[in-house]
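Notes for the structure review
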Amino acid sequence: METLSLHYDVSGDDFTNAGEASGKIKRTLKGLGYNVTAVRRLAIAVYEAEINMVIHADGGVIDALVTPESVTVTLADKGPGIPDVELAMTEGYSTAPDDVRMLGFGAGMGLPNIKKYADEMNLETEVGVGTTITIKVYNK
């Protein structure tokens, strides 16, 4: 398999299609014969990041780079940024509005779950500019 590049646009506040990109990435990796555990872990991490983009950032873009050894997914938005990353990484901490919580989202597990399921995670954020999260999972 050669390197495969995937690109998805994510709409903000669109809970009907939220998770569509992570689902497509998951199906692609399964079709390529990726390790099922790696596929599951990546799908969870990307889903959490994608949902955060929908809830907090009015959407963004997702780019995935698939090689035989690993998948690297970069999720970039132009949202409000994260003022306190350490606090945001705390399980249960959420800034999701009540209407989003009533839909079953915003439990404060997004960033902690990304870190838990990714082999590597990098988060860059600037208040008023946006956030970029890079997730890497090895095919093992």
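Each remark here, short or long, concerns the structure printed above.
Keep in mind the model is a prediction, meaning the values are calculated, not measured.

**Digging into the sheet that holds strand β2 (residues 59-66)**
- One open sheet accounts for 5 strands, arranged β1-β2-β3-β5-β4; its pairing is antiparallel. At either end of the open sheet lies a strand with only one pairing partner, and these are β1 (4-11) and β4 (120-126). Each neighbouring strand pair of the sheet contributes to a mean axis angle of 10 degrees, computed without reference to strand direction.
- By the bridge criterion, 7 bridges tie β4 to strand β5 (residues 130-138) in an arrangement that is antiparallel. Each residue of the ladder has a partner; that of Glu-124, found in β5, is Thr-132.
- Against the sheet, helix α1 (residues 20-31) engages β1, β2 and β3 (70-76), with an angle of about 160 degrees to β1.

**Some details on the pairing of β5**
- By the bridge criterion, 7 bridges tie β3 to β5 in an arrangement that is antiparallel. If you follow Val-71 over to β5, its bridge partner there is Val-137.

**Side note on the pattern of salt bridges**
- Summed over the entire model, instances satisfying the criterion amount to 2 salt bridges.
- As a salt-bridge pair, Lys-24 and Glu-20 come within 3.3 Å of each other at their nearest N and O atoms. Of this pair, Lys-24 and Glu-20 both sit in helix α1, 4 residues apart, roughly one helical turn.
- A salt bridge links Asp-119 to Arg-41; its shortest N-O distance comes to 2.6 Å. Residue Asp-119 is found in the loop between α5 (110-117) and β4, and its partner Arg-41 is found in helix α2 (residues 36-56); the two are separated by 78 residues along the sequence.
- Since its relative accessible area comes to 28%, Asp-119 is described here as partly exposed.

Parameters and conventions
- Residues numbered from 1 in each chain as written.
- Predicted model: local features only at pLDDT ≥ 70, side-chain atom pairs only at ≥ 80, totals over all residues.
- Heavy atoms only, no water.
- Pairing = 2+ DSSP bridges.
- Helix = DSSP H or I, 4+ residues; strand = E, 2+ residues; numbered from the N terminus.
- Axes fitted to C-alpha atoms, helices over the stretch in contact; angles between N-to-C directions.
- Contact = heavy atoms within 4.5 Å.
- Salt bridge = Lys/Arg side-chain N within 4 Å of Asp/Glu carboxyl O.
- Buried < 20%, exposed > 50% of the residue type's maximum accessible area, 1.4 Å probe, protein only.

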